[in-house]
Amino acid sequence: MSTTVILFSILAIAAIATGVSVIINKNPVASAMSLILHFFALAGLYLTLNAQFLAAIQILVYAGAIMVLVVFVVMLLNLGKESALTERFNPRTGIAVSMGVLLIAQLAIAFFGQPTGYNQLSDKAALNGTAESIGTVLFTEYLFPFEAISLLLLVAIVGSILLAKKQQKESV
Amino acid sequence: MEQWLVQSLVLGLKMFLIVNGLLIAAAYLVYFERKISAWIQNRIGPNRVGPLGLFQSFADVFKLYLKEDIIPTLANKGFHAIAPVISIGIAIAVYAVIPFGEYFYLGGEKVYLSIAPHINVGLLFILGMSSVGVYGLTLAGWSSNNKYSLLGGLRSSAQMISYELSMGLSLIGVLMISGSLDLMQIVQSQTGGQWNIFFQPLGFIIFLVSAFAETNRTPFDLPEAEPELVGGYHTEYSGMKFGLFFLAEYVNMVTACAMMVLLFFGGWDVPFLYETLGLEQGSVLRALVQFGVVVGKMIPFLFLFIQTRWSLPRFRYDQLMSLGWKVMLPLALANIAVTGIIMMIFQ
């Protein structure tokens, strides 16, 4: 077994374990912390695929920024009562389960359809993960989608500020 | 096989040196903090333990070890125990990519003065790690089950989110000039006195202010704010667990200073120094001088950190937020735009 396979197995098991722990934990803060560990495991997986930039961004954006906000809100709400989190069966659960089954089926087809599960990366692919190559592709080939997404995010930011302002006026 | 063994030995030695060097640096920073505060407040400061009180910090650590470790009954014990570990662990992890010099040859082996040299996302790693470090404080505040602690923890996360943005954006200008995320290359691009501080003065000021906020130092020490919040996030900590938070704060300070030196003040570059001394590339002496130069350049910034704490009052919370979002962020964005335009014109 090569180092990459060993690393992949460790990280994959860690990712699955922390992912399960996100769902089964009763304590919302513990769930959030498991999710952060999950992001770290994912970042490690990106590293084994030579996607260093993606790994760093994963930690910087998801673990470092978005989850800080999630933890912030969870702590502010202080969901101490575990009973508040127990859910009865509803149609959404059924849909979620069927979607999950579909996803697993799809993954299984993709995985067993290929002759090998794990392919060695070519030298060209190994260079694709650096900041330089991602930047080059982003600002040439995918310039229009990039700008469109920026605009979408800008609209969302303006919208959220507008909503926050409105509430403030009503409360006065 | 032999090569492999030598390399791991060198790596282990480097890690040992960095961790212990940081601990000793933190111990003496605490000593100097107390001495400088004493000078500023017209006192004498620690002078009993050892000559000039130089062993005061070791006595302090000894005291912390002997102190009873109190865990509140209603605290979440697991998180309460792990929070200081997260704080100090992440603070030290950053040093995996920080270079203190170039390299030297030891018996034909190229030894770099950093644990992981030439990581092409080194700078992003530092930013990511320092943003993750906030969980130590947040968890400490939450798990203590004390409202003052919780307020401290919440403040630290809100503050971190607000200033992380301007910190990251203030570095974009440096990246545009250097064209790399690798710290060694950023330093090499400043060789010969072309330090980034001359091209990015605004970027440096924004970085400096954000660094004060990220390390929770006065005037941004709202997460602990002792007059309002008892001790903030570490109210319910005692003994060495408190000591670890304290240590993490000083290690973060050293990190911030190291980043200022490497990104804005040319790292180990001093014009004509190496040529005058006749030190050739790859010699042990040159590496030592480089290390000395980096540490020497860090000292004024460390002094600035300490001096600011004892001369400025703390910000009010709304002032902190409006400074972060309404002043620092637009300035950082303007800095990027201006840098881009100037680079376009002169290219």
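Coordinates for the structure precede this section.
The following refers to the structure shown. Here the structure is a predicted model, which is why all the values come from computation and not from measurement.

Helix and strand counts for chain B stand at 14 helices and 2 strands. Computed over C-alpha atoms, the radius of gyration of chain B comes to 21 Å, within 12% of the 20 Å expected from 2.2 N^0.38 for 347 residues, which places it in the range of a compact globule. When the backbone C-alpha atoms are referred to their principal axes, chain B occupies close to 60 × 50 × 45 Å. Going through the 347 residues of chain B one by one, you find that 54% of them count as buried. Here the analysis covers contacts within chain B between residues at least 6 apart in sequence; of these, 78% occur between residues at least 24 apart. Approximately 15,800 Å² of chain B is accessible, and the part contributed by carbon and sulfur atoms is 71%. Taking the 19 positively charged and 20 negatively charged side chains of chain B as two groups, their mean positions are separated by 9 Å.

Across its full length, chain A carries 7 helices and 0 strands. The secondary structure elements of chain A, listed N-terminal to C-terminal, are α-α-α-α-α-α-α. Looking at chain A as a whole, 23% of its 172 residues qualify as buried. Counted over contacts in chain A with a minimum sequence separation of 6, partners at least 24 positions apart contribute 57%. If you sum the accessible surface of chain A, you get close to 12,600 Å²; carbon and sulfur atoms cover 73% of it.

Moving on to the pattern of salt bridges. Two side chains bearing opposite charge may form a pair once their charged atoms approach each other closely. All names here are of chain B. For the structure on display, the rule yields 7 salt bridges over all chains. In this structure, the salt-bridge partner of Asp69 is Lys241, at a minimum N-O distance of 3.1 Å. Here the residue Asp69 occupies a position in the loop between helix H2 (56-66) and helix H3 (77-93), and Lys241 occupies one in helix H11 (residues 239-264), the gap between them amounting to 172 residues. Among the charged side chains, a network of salt bridges with common partners joins Glu33, Arg217, Glu249 and Arg309.

With that settled, consider the interface of chain A and chain B. Many analyses report the size of an interface as the accessible area lost when the parts associate. Counting from both sides, the interface comprises 25 residues of chain A and, opposite them, 22 residues of chain B. Each partner contributes to the roughly 2,000 Å² buried at the junction of chain A and chain B, and carbon and sulfur atoms together form 79% of this total. For the chain A face of the interface with chain B, the top three residues by lost area are Leu60, Val68 and Met75 of chain A, together amounting to 28%. Across the contact surface, chain A and chain B share 0 salt bridges.

Here is what the cut-offs are and how they apply
- Residues numbered from 1 in each chain as written.
- Chains lettered and ligands numbered in written order.
- Predicted model: local features only at pLDDT ≥ 70, side-chain atom pairs only at ≥ 80, totals over all residues.
- Heavy atoms only, no water.
- Helix = DSSP H or I, 4+ residues; strand = E, 2+ residues; numbered from the N terminus.
- Rg over C-alpha atoms; globule rule 2.2 N^0.38 Å.
- Buried < 20%, exposed > 50% of the residue type's maximum accessible area, 1.4 Å probe, protein only.
- Contact = heavy atoms within 4.5 Å.
- Areas by Shrake-Rupley, 256 points an atom, 1.4 Å probe, with all protein chains shown as cover.
- Lys, Arg positive; Asp, Glu negative; His and termini not counted.
- Charge placed at Lys NZ, Arg CZ, Asp CG, Glu CD.
- Salt bridge = Lys/Arg side-chain N within 4 Å of Asp/Glu carboxyl O.
- Buried area = accessible area lost by both parts, 1.4 Å probe.

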